[in-house]
Amino acid sequence: MTTLAVDATQELAAFLRTRRERLDPGDLGLPARRAGRRTPGLRREEVAELAGVSVDYVVRLEQARGLRPSADVLDALARALRLPPVERAYLFDLAQRRPRTAEAPATAAAPPLARLVDDLAPLPAMLLNHRYDILAWNPEMAALLLDFAALPPARRNAMWLCLAHPELRARYADRERVVREGVAHLRAAWAAHPKDPVLTGLIGELRATRQEFAELWAEGDVVAGGRGHKVLRHPEAGSLALAAEVLAPLHDPDQRLLLFRAADDASRAGLRRLSGS
C-alpha cells in the first residue's frame with residue numbers, strides 16, 4: 001500500500017502561511033490594502049515586524065528551509081498571528097518545542113482505567129490513546145456503535161472506522177462534522193507525537209486512500225477539546241441525541257476516556273433499551 005509521508009517542516013510552513021493569510025490587516029491596525037491585491041491577509045513583512053524578526057526569517061520558515069525556531073520566536077509568531085491557545089500549542093508541537101514528559105506514549109489500557117470503563121455502565125464509555133486506537137470499551141458502547149471485539153485489533157481505530165466502516169459511517173447523522181473534528185484532533189495528536197511511526201503511518205494511509213481525509217487534512221485545522229454533541233441513527237434505538245465528554249487522566253495523559261450521556265428524554269429511553277436496563 002502506498003502512503004504519503006507527513007513532514008513536520010512542511011506542515012509548519014503551511015500552517016504559518018495559512019494563519020498569516022487569514023488575518024485582516026484592518027483588525028490589527030495596519031494600513032488597508034490597495035485595490036487589486038492578489039494575496040489575502042498579512043504580508044510577510046508585516047508578520048516579521050509584528051513578531052520582531054527579519055523578513056528573510058519569515059520567508060525561510062514559510063518555504064520550509066530547515067529552520068528550527070526557538071521558543072521565544074514561536075511565542076512572538078503566535079502573538080503576531082493571533083493564534084488561539086490550541087493553535088499556539090500546535091505551533092510549538094510542530095517545531096518540537098513544547099515540553100514533553102519522559103514517558104513513552106500509552107499504547108495499552110491502564111488497568112484502573114479499563115475497570116473504570118466497565119464501572120461507568122450504563123453510560124456508554126470507551127478508552128482511546130493519542131492515535132484514537134480503541135483500547136477498552138464497555139458493552140453499552142459496543143451496543144451503541146459497533147462490536148469492536150469482532151474487528152481485527154489493527155482496525156480498532158476510531159478515525160479509521162468513521163471513515164471506512166460502512167456500519168459506523170451510516171450511524172452518525174452529523175458524520176461530516178464528526179469527521180472534520182476528528183481530523184483536526186488527529187492533527188493535534190500527531191504534532192504532539194511526531195516520532196510515533198504508527199500514528200504517522202495511519203495518517204499517511206488515510207491521506208493516500210481516503211480522499212475525504214486528505215482534503216480535510218490539507219485544510220490545516222487543529223482542535224483539542226473534550227465536549228460536544230453527537231446525533232446517532234441506531235437501528236434499534238432510533239435517533240439518539242448524545243452529549244459527549246472526553247476526560248484526560250492525570251496519571252495517563254495520553255489516554256482519553258470518552259463517554260456519552262443522553263441529551264433528552266427520548267434518547268435516554270433509547271439508551272436504556274440498548275443497555276437492557
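Here, every reference points to the structure presented above.
Being a predicted model, the structure only gives us computed values, none of them experimental.

Student: Requested: an account of the environment of Leu 151, with residues and values cited.
Tutor: You can see Leu 151 is positioned in the loop between helix 7 (139-144) and helix 8 (158-164). Leu 151 sits 93 residues away from Ala 244 along the chain, and the two C-alpha atoms are 24 Å apart. Those residues within four positions of Leu 151 in sequence are excluded, and the remaining contacts are Leu 146, Arg 156, Leu 161 and His 165.

Student: Before we move on, can you summarise the side chain of Ser 267 with the specific residues and values?
Tutor: With respect to the secondary-structure elements, Ser 267 resides in helix 13 (residues 265-275). Beyond its immediate chain neighbours, meaning those up to four positions away, Ser 267 contacts Ser 239, Leu 240, Ala 241 and Ala 262.

Student: Outline the packing of helix 10 (residues 175-192) against helix 12 (residues 211-219), supporting the account with residue identities and numerical values.
Tutor: Across the interface, helix 10 lies against helix 12 with an axial gap of 10 Å and an inter-helix angle of 60°. Relative to helix 12, the element helix 10 is oriented oblique. Of the two elements, helix 10 crosses helix 12, and the hand of that crossing is right-handed. Across the interface between the two elements, Arg 175, Val 179, Arg 180, Val 183, Leu 186, Arg 187 and Trp 190 of helix 10 pack against Glu 212, Phe 213, Leu 216, Trp 217, Ala 218 and Glu 219 of helix 12.

Student: Got a sec to walk through helix 5 (residues 85-94)? Specific residues and values, please.
Tutor: Of the positions making up helix 5, those classed as buried are Glu 87, Tyr 90, Leu 91, Phe 92, Asp 93 and Leu 94. Contacts from the buried residues of helix 5 go to helix 1 (8-21), helix 4 (71-80) and helix 10. Immediately downstream of helix 5, the backbone of Gln 96 shows phi near 55°, a positive value.

About the cut-offs
Residues numbered from 1 in each chain as written. Predicted model: local features only at pLDDT ≥ 70, side-chain atom pairs only at ≥ 80, totals over all residues. Heavy atoms only, no water. Helix = DSSP H or I, 4+ residues; strand = E, 2+ residues; numbered from the N terminus. Contact = heavy atoms within 4.5 Å. Axes fitted to C-alpha atoms, helices over the stretch in contact; angles between N-to-C directions. Parallel < 35°, antiparallel > 145°, perpendicular 65-115°, else oblique. Left-handed = near helix turned anticlockwise from the far one by under 90°. Buried < 20%, exposed > 50% of the residue type's maximum accessible area, 1.4 Å probe, protein only.

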